[in-house]
Amino acid sequence: MKIGKGTRLINALFVLQLLVAMPFAGNVFGQVKTEEQPKTPEQTKTTTEVKVQAAQVNNFIQRFDDKFLINLALQRNDSETKKMLFLSNSLGYVSYGIPVALMVGGIVRNDSQMRQNALYVGSSAAVTLGVTLLMKTVFKRRRPFVQNLKIVAVYNAESTSFPSGHSSTSFAVATALSRAYPKWYVIAPSYLWAGSVAYSRMYLGVHYPSDVVGGALLGTTTSWLLRPAFK
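Chemist: Looking at this structure, how should I read helix H7 (residues 165–180)?
Modeler: Relative to the 22 Å expected for 16 residues at 1.5 Å per residue, H7 spans 22 Å between its end C-alpha atoms, a close match to the ideal helical length. Of all 16 residues in H7, 15 are buried; the element is thus mostly enclosed.

Chemist: Looking at this structure, I do not really get the pattern of salt bridges. What am I missing?
Modeler: Opposite charge on two side chains makes pairing possible when the charged atoms of those side chains draw close. Counting across every chain of the model gives 2 salt bridges. The salt bridge involving Asp211 is made with Arg141; its shortest N-O contact spans 2.8 Å. Here Asp211, found in helix H9 (residues 209–226), pairs with Arg141, found in the loop between helix H5 (112–139) and helix H6 (144–147); they are 70 residues apart in sequence, far enough to count as distant. A relative accessible area of 14% means that Arg141 is categorised as buried. Residues participating in the shared-partner salt-bridge network are Asp65, Arg141 and Asp211.

Chemist: For this particular structure, what's the right way to read a nonpolar patch on the surface?
Modeler: A cluster of nonpolar side chains, Phe60, Ile61 and Phe64, forms an exposed patch at the surface whose accessible area comes to about 340 Å². Mapped onto the secondary structure, Phe60 falls in helix H3 (residues 60–74). Judged by its relative accessible area of 59%, Phe60 falls in the exposed class.

Chemist: Could you clarify how one ought to interpret the packing of aromatic side chains in this entry?
Modeler: Each aromatic ring pair is described using two quantities: the centre-to-centre distance and the angle formed by the ring planes. One pass over the full model with this rule turns up 6 aromatic pairs. For the pair Phe64 and Phe68, a centre-to-centre distance of 5.9 Å together with 35° between the ring planes defines the contact as tilted. Separated by 4 residues within a single helix, Phe64 and Phe68 lie in helix H3, roughly one turn from each other. What makes Phe68 partly exposed here is its relative accessible area of 30%. The cationic tip of Arg76 hangs over the ring face of Tyr203; the distance from NZ or CZ to the ring centre is 5.9 Å. The side chain of Arg179 reaches across the aromatic face of Trp224, ending 3.6 Å from its centre.

Chemist: What should I look at first to understand the nonpolar core in this one?
Modeler: The tendency in soluble globular proteins is for nonpolar side chains to be buried as a group. One finds Leu204 and Val206 to be the most contacted residues of the largest nonpolar core, which totals 39 residues. When contributions to this core are tallied by element, the ones reaching two or more residues are H3, helix H4 (78–108), H5, strand S2 (155–157), H7, helix H8 (184–203) and H9. Contact partners of Val206, with chain neighbours within four places excluded, come to Arg143, Pro144, Phe145, Ala153, Tyr155, Ala157, Ser161 and Arg201.

Chemist: What should I look at first to understand H3 in this one?
Modeler: For an α-helix, 3.6 residues make a turn, and residues three or four places apart therefore share a direction. Under the 1.5 Å per step criterion, the end-to-end length of H3 is 22 Å for 15 residues, consistent within 8% with the ideal 21 Å. If you check which residues of H3 are buried, you get Gln62, Asp65, Asp66, Leu69, Leu72 and Ala73. Along the axis of H3, the buried positions cluster into a sector of 140°, meaning they face one direction only. Of the exposed residues in H3, the ones pointing more than 90 degrees away from its buried face are Phe60, Lys67 and Leu74. The distance from a side-chain oxygen at the start of H3 to the backbone nitrogen of Ile61 is 2.8 Å, and the residue carrying that oxygen is Asn59.

Definitions and cut-offs
- Residues numbered from 1 in each chain as written.
- Predicted model: local features only at pLDDT ≥ 70, side-chain atom pairs only at ≥ 80, totals over all residues.
- Heavy atoms only, no water.
- Helix = DSSP H or I, 4+ residues; strand = E, 2+ residues; numbered from the N terminus.
- Expected span 1.5 Å × (residues − 1).
- Buried < 20%, exposed > 50% of the residue type's maximum accessible area, 1.4 Å probe, protein only.
- Salt bridge = Lys/Arg side-chain N within 4 Å of Asp/Glu carboxyl O.
- Patch = residues over 30% accessible without salt bridge, like charges linked within 9 Å, V, L, I, M, F, W, Y side chains within 5 Å.
- Areas by Shrake-Rupley, 256 points an atom, 1.4 Å probe, with all protein chains shown as cover.
- Phe/Tyr/Trp six-rings, centres within 6.5 Å; stacked < 30°, edge-to-face > 60°.
- Lys NZ or Arg CZ within 6 Å of the ring centre and 35° of its normal.
- Core = buried A, V, L, I, M, F, W, Y, C linked by side-chain atoms within 4.5 Å.
- Contact = heavy atoms within 4.5 Å.
- Arc of directions from axis to C-beta.
- Polar contact = N/O pair within 3.5 Å; in protein donor to acceptor, adjacent residues only side chain to side chain.

What follows is the structure in structure tokens.
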């Protein structure tokens with residue numbers, strides 16, 4: 001089978017995109033399960049940090065976030081926690097697996113549109129991940145279990161809290177798939193999976209509701225903005 005210059009370019013871009021994204025993915029997706037909630041001693045905080053925390057508690061959104069996660073943690077059970085860990089861990093496999101599968105299918109079937117869709121889905125995930133990491137650096141919001149010691153997390157998540165990388169990436173993938181294949185049997189499962197991944201982040205105590213909403217909006221917007229480049 002003869003491969004044209006355009007196809008080689010698309011394949012090269014796809015491989016480059018994966019190579020660039022994978023080293024940074026661990027910063028957002030990394031999970032280290034712990035036996036108990038990780039704790040940051042209050043005495044290690046500076047006066048400025050204590051004042052910032054007090055101001056955040058007085059914020060309506062922060063109060064809602066704290067209360068929501070504390071109540072959610074009280075409803076946990078072992079069976080449900082295992083399901084939520086599975087959903088959370090599925091992100092890496094799905095976000096990389098879908099574009100790879102589309103690319104392989106496009107090459108085997110010599111389907112240029114499928115290859116374009118693979119690049120679109122993969123680019124949406126990669127660009128969203130990059131923007132997420134940048135926003136985390138800018139906002140530097142503490143993880144819930146660090147900000148509020150009453151919040152019990154299932155495992156010790158790395159990086160900062162806003163926005164949720166799992167939520168942004170899952171919604172980027174779901175939106176890209178839904179726009180590339182606008183059929184109900186693609187749209188419904190895609191957003192159901194993305195919503196479940198986002199919910200799992202709150203259930204596990206590693207992200208606030210506002211982190212998840214911000215991530216979902218970021219991922220959705222990024223995919224919409226990238227779509228014209230891959231038609």
